[in-house]
Structures are given as structure tokens and as C-alpha cells.
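# Coordinate analysis (summary)
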Amino acid sequence: MIHAGPKRELPLPERKPSFIAAVGHADAMVALSHADEVIQDGLCLPGQQPKPIFHLAALERISPQMLAWIRPLLDSSLGDSSRRP
């Protein structure tokens, strides 16, 4: 799990190089938690926009916060779905 707060940079020397490489390509992070919540600017890496950290009470489902965040991203990557058969 990553514990980060707004405007706090991830302490890079404390992480494995493979983790840092993967995080650099991630759009968000997910962590198992006691309740669904989101830290909007939870992960801050040098030179990148802050990334949300979604805390999920159960990994078997998508939280309402995560669904609200990902739906516009999926819609824009698929184009205008209202014109699809």
C-alpha cells in the first residue's frame, strides 16, 4: 500500500525500481481498506500530475467513486458511444 497525501512526493529511494517504473505508467492506485474512499491527489511523483488512490472495502467490485472517475476516461477512449449500433 502507498501512504501519500496531497503535495507529498513518493519517497523514491524506499521503493523497488520495478515498482517505480510501473507507478510511472499508472493512472491511479488501488488499496484494500476498511471502507470505500478516494484520495484525489494521493500519489505525487516528481514531474507528473497527482494520481488518485482508491481505497476499496472489497476488491470484487468497483466503488462508486472509482466508477465515476473511470467512466469518462473509458467514454473518451471509445469515442462517442451514442452512435454505435
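An account of the accompanying structure is given in this report.

### Describing the pattern of salt bridges
When the charged atoms of two side chains lie near each other, side chains of opposite charge can form a pair. Evaluation of the coordinates by the stated rule reveals one salt bridge. The partner of Arg 61 in a salt bridge is Asp 36, with the nearest N and O atoms 2.6 Å apart. On the criterion of sequence distance, the pair formed by Arg 61 in the loop between strand 3 (51–56) and helix 2 (64–78) and Asp 36 in the loop between strand 1 (29–32) and strand 2 (37–43) is long-range, its members being 25 residues apart. The class for Arg 61 is partly exposed, based on a relative accessible area of 41%. Overall, Asp 36 belongs to the partly exposed group, its relative accessible area being 21%.

### Section: the packing of aromatic side chains
Aromatic ring pairs are described here by two measures, namely the spacing of the ring centres and the angle between the planes. If you walk through the whole model with that rule in mind, you get one aromatic pair. Between Phe 54 and Trp 69 the ring centres are 5.3 Å apart and the planes differ by 55 degrees, which places this aromatic pair in the tilted class. Of this pair, Phe 54 sits in strand 3 while Trp 69 sits in helix 2; the two residues are 15 residues apart in sequence, bridging distant segments of the chain. In this structure Trp 69 comes out as partly exposed when scored by relative accessible area, which is 25%.

### Some words on the sheet that holds strand 1
What holds strands together in a sheet is hydrogen bonding between their backbones, with the strands either parallel or antiparallel. Reading across the sheet, the three strands line up as 1-3-2 and stay open at both edges, with mixed pairing between neighbours. Two strands close off the open sheet at either side, each with one partner strand: strand 1 and strand 2. For this sheet the average axis-to-axis angle between neighbouring strands, irrespective of direction, equals 25 degrees. Relative to strand 3, strand 1 is paired through four bridges, and the arrangement is parallel. Among the inter-strand pairings, Met 29 is bridged to a residue of strand 3, identified as Ile 53. Its contacts with the sheet put helix 1 (residues 17–25) on strand 1, strand 2 and strand 3, and the angle it makes with strand 3 is roughly 105 degrees. Along the sheet, helix 2 makes contact with strand 1, strand 2 and strand 3, crossing strand 3 at roughly 145 degrees.

About the cut-offs
Residues numbered from 1 in each chain as written. Predicted model: local features only at pLDDT ≥ 70, side-chain atom pairs only at ≥ 80, totals over all residues. Heavy atoms only, no water. Salt bridge = Lys/Arg side-chain N within 4 Å of Asp/Glu carboxyl O. Helix = DSSP H or I, 4+ residues; strand = E, 2+ residues; numbered from the N terminus. Buried < 20%, exposed > 50% of the residue type's maximum accessible area, 1.4 Å probe, protein only. Phe/Tyr/Trp six-rings, centres within 6.5 Å; stacked < 30°, edge-to-face > 60°. Pairing = 2+ DSSP bridges. Axes fitted to C-alpha atoms, helices over the stretch in contact; angles between N-to-C directions. Contact = heavy atoms within 4.5 Å.

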